[in-house]
Every structure is written in C-alpha cells, then in structure tokens.
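The residues making up each chain are set out below.
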Amino acid sequence: MSPQQRPEKTNTDLVNEQIRFPSVLVIGPNGEQLGIMSRSDALYKAHNMNLDLLCVAPNNQPPVCKLLNYGKYRFEAQKRQKLNKKKQTVVNTKEVRLTPQIGIHDLETKANQAIKFFQNGDKVKVSVRFRGRQLSHVEVGEEVLNKFVELVNEYAVMEKKPVLDGKFLSAVLASKVKK
C-alpha cells in the first residue's frame, strides 16, 4: 500500500485494553493519586466506576494513567482544537517585481497594488530584477526599492532588509494592519 492510500490514524491515545504496560500509576477522576497497580487491577477499577483508563504519560516510569470519561475527553479536545484553529491566522506572501528603470507612475501603481495586499494582512516580497549590465549599478535598484518603501511606509514595515540574490534585489515588507 502506498503512503497516499493508507488511512490516517487520527487517534493515538492509549485507552483501556490498548494499554500494554504491566503496572501503571493510576490517578483518580478528581486528580487524586490511587497508587501503582497492575494493568488488570486498574482496568477493573475503571470498569467498576464506569470510566475509561487513559494513559496520559506513557514515557514515565511507571506510566501514568487517569480514570476519566473518554468520550467527554475526546469531545472537549476536539472543541479546543477547533477553537485554536479559528484563532490562527494565515499570512500569505505576495510578490511585487520592479526594474531599475521603472517610471514613477508605474512605481505608484505597483505601490497601490502592494497597499491592497497590506490591507488584507499579507506580507509582500519586493524584488528588483536586474538584466545584463544593470547588475553593475545595483545602487540604482536600491534607490527604486527605497522609493517603493517610502510610498508604502504608512501601511508596512520592513521585515527583511534588501539582499542581492543573483539577479534580484529583494526585501520583505510586513503589514502594519492586522487582519
């Protein structure tokens, strides 16, 4: 079976009969320590209390297991996971390409496009592309990049300073506007 065809195992918790340790430290439903007992005694105690035995620290010596309602535990864990996912924001990186001999109006047009990206909360990678002999006058490209940064400085802050990488002089600008 190839890795794409294998079903993903979503649950990695050791619960009840899946626990294979000979002895475990058991913690009660209210957080009190019930002591070290054999696996079968811990399972018996969980069964009598109508609870499940969940291994919370399998790497400890002895492994730590807790008596709890496993269905409720999974539900609350999924709820926390959804809430955390809802709070997280995805920052996209857009790219704006310039040339050393770009006209002022074209530069303003590119800056306006970048401002739209910043208002969406995205980062922008600004690249100045050098062709042929233009590479011998990198300072011209730096001036263009500095003009661009001045045009958008109300909406963005420089996250990564300009770096010459091959034929490109690149800088990364991050949005001041939070999504």
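Please refer to the structure placed before this passage.
Computed from a predicted structure; not experimentally measured.

Regarding the state of the cysteines
Thinking step 1. A complete count under the given rule lists 0 disulfides for this structure.
Thinking step 2. Cys55 takes part in no disulfide bond, and the closest cysteine sulfur to it belongs to Cys65, at a distance of 4.0 Å.
Thinking step 3. Assessed through its relative accessible area of 9%, Cys55 is described here as buried.

Some details on the sheet that holds strand β9 (residues 168–175)
Thinking step 1. The 4 strands are arranged β6-β7-β9-β8 in an open sheet whose pairing can be described as mixed. Only two strands of the sheet have a single neighbouring strand rather than two, namely β6 (93–98) and β8 (156–165). In this sheet, neighbouring strand axes are inclined to one another by 20° on average, regardless of whether the strands run parallel or antiparallel.
Thinking step 2. Note: strand β7 (residues 123–129) against β9, 6 bridges, orientation antiparallel. Along β9, the bridge assignment pairs Val128 with Leu169.
Thinking step 3. Helix α3 (residues 104–119) rests against β6, β7, β8 and β9 of the sheet, and its axis sits at about 175° to β6.

Overview of unusual backbone geometry
Thinking step 1. The amide bond that connects Gln61 to the next residue, Pro62, takes the cis arrangement and shows omega of -5°.
Thinking step 2. For Pro62, the position within the fold is in the loop between β4 (52–57) and β5 (64–68).
Thinking step 3. A positive phi angle, close to 45°, is found at Asn16, a residue other than glycine.
Thinking step 4. Turning to its location among the elements, Asn16 is positioned in the loop between β1 (14–15) and β2 (23–27).
Thinking step 5. Positioned with a positive phi, Asn50 is a non-glycine residue whose angle comes to about 55°.
Thinking step 6. Inspection of the secondary structure puts Asn50 in the loop between α1 (39–48) and β4.

What counts and what doesn't
Residues numbered from 1 in each chain as written. Predicted model: local features only at pLDDT ≥ 70, side-chain atom pairs only at ≥ 80, totals over all residues. Heavy atoms only, no water. Disulfide = S-S within 2.5 Å. Buried < 20%, exposed > 50% of the residue type's maximum accessible area, 1.4 Å probe, protein only. Pairing = 2+ DSSP bridges. Helix = DSSP H or I, 4+ residues; strand = E, 2+ residues; numbered from the N terminus. Axes fitted to C-alpha atoms, helices over the stretch in contact; angles between N-to-C directions. Contact = heavy atoms within 4.5 Å.

Everything listed is a geometric property; what it means functionally is a separate question.
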